[in-house]
Amino acid sequence: MRNTFRYSLTADDYLNYEKFAVKLRKSNVVSVVMLMILVAITVYYGVRNGGLEVQYYIYFVAFVVTVAMFTLFTNIIVPKKKVNRYIKSDASYLGENEITIDDKAIEIKNIPAEKETGVVCVYPYSVISIIYETENYFYFIVANEVKILPKRVIPQAMSQSVFNAINRNPNRMYVK
């Protein structure tokens, strides 16, 4: 069954995707592991020497602050800047789209303003690398781009049919 409806994305939809993408990356794990190693070294030297000199505490605090700033930068500041850059480069990111979802593919058409050209993209499920499903979104990853479908825009009358079409794909993954 073909399910066709229109929707528009917001800057928050793109920001939520960027935050989701950061969550999938390994950089946060590396930061936590580095911090745990430093804590272990600090505790080891503290126990071995019967206490630490002030310089070790200064190094420890400096490292913790550096890791915290790096984490803040990569998790909050970078995603916001990327989204602002997307929207400034092409306002059509926030324009209206029409999507058709069936058992074989998704088709996305942007609805152009008057005197503009439109684009139609058809993505058979075989070319979609992975479909991430979260509580509020579907993210269709195709090569180096993502197509975002907020669940809130799926009309209630066809939501079950849309979910069934997407859920039948082996490349679908639910992520909390």
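Everything here concerns the structure above.
Residues numbered from 1 in each chain as written. Predicted model: local features only at pLDDT ≥ 70, side-chain atom pairs only at ≥ 80, totals over all residues. Heavy atoms only, no water.

1. Let's talk about the packing of helix 1 (residues 11-24) against helix 3 (residues 54-89)
Rule in force here: Orientation is described by axes fitted as lines to C-alpha atoms, over the contacting stretch for helices, and by angles from 0 to 180 degrees between their N-to-C directions. Secondary structure elements are defined from DSSP: runs of H or I of at least 4 residues count as helices, runs of E of at least 2 residues count as strands, and each element is numbered from the N terminus. With respect to orientation, any angle under 35 degrees is reported as roughly parallel, any angle over 145 as roughly antiparallel, any angle of 65 to 115 as roughly perpendicular, and every other angle as oblique. For any pair of crossing helices, the crossing counts as left-handed if the nearer helix is rotated counterclockwise from the farther one by less than a right angle, and right-handed if it is rotated clockwise. When checking whether two residues touch, look at their non-hydrogen atoms; a contact exists if any pair is within 4.5 Å. The classification used treats Ala, Val, Leu, Ile, Met, Phe, Trp, Tyr, Cys and Pro as nonpolar, Asp, Glu, Lys and Arg as charged, and all other residues, Gly among them, as polar.
Relative orientation of the contacting elements helix 1 and helix 3 amounts to 135°, with a least axis distance of 9 Å. Comparing the axis directions of helix 1 and helix 3 gives the class oblique. With respect to the hand of their crossing, helix 1 and helix 3 are arranged in right-handed fashion. Taking contact as the criterion, the partners of Ala-11, Tyr-14, Leu-15, Glu-18, Lys-19 and Val-22 in helix 1 are, on helix 3, Thr-74, Asn-75, Pro-79, Lys-80, Lys-82, Val-83, Tyr-86 and Ile-87. Looking at side-chain class alone, the contact of helix 1 with helix 3 contains eight nonpolar, two polar and four charged residues.

2. Section: helix 3
The condition is simple: An expected span of 1.5 Å times one less than the residue number is assigned to each helix. Fitting axes to the seven residues that end at a residue and to the seven that start at it, the angle between those axes gives the bend at that residue. Each residue is placed in one exposure class: buried if its accessible area under a 1.4 Å probe, protein chains only, is under 20% of its type's maximum, exposed if it is over 50%, and partly exposed if it falls in between.
With 36 residues, helix 3 extends 50 Å between its outermost C-alpha atoms, agreeing within 8% with the 52 Å of an ideal straight helix rising 1.5 Å per residue. The largest bend in helix 3 comes to about 35°, at Phe-73. Of all the residues in helix 3, the buried ones are Val-67, Thr-74, Pro-79, Val-83 and Ile-87.

3. With respect to the packing of aromatic side chains
Put simply, the test is: Pairing of aromatic rings covers Phe, Tyr and the six-membered ring of Trp, with a centre-to-centre limit of 6.5 Å; geometry is then stacked below 30 degrees between planes, edge-to-face above 60, and tilted otherwise. Look at NZ for Lys and CZ for Arg. If either is within 6 Å of the ring centre and within 35 degrees of the ring normal, a charge sits over the ring.
Tallying each qualifying case throughout the model produces nine aromatic pairs. Ring centres 6.4 Å apart and planes at 50° place the aromatic pair Phe-5 and Tyr-7 in the tilted group. Side by side, Phe-5 and Tyr-7 carry an identical accessibility label, which is buried. Over the ring of Phe-138 we find Lys-151, and its NZ or CZ is 5.1 Å from the ring centre. Cation over ring: Lys-151 sits above Phe-163, and NZ or CZ is 5.7 Å from the ring centre.

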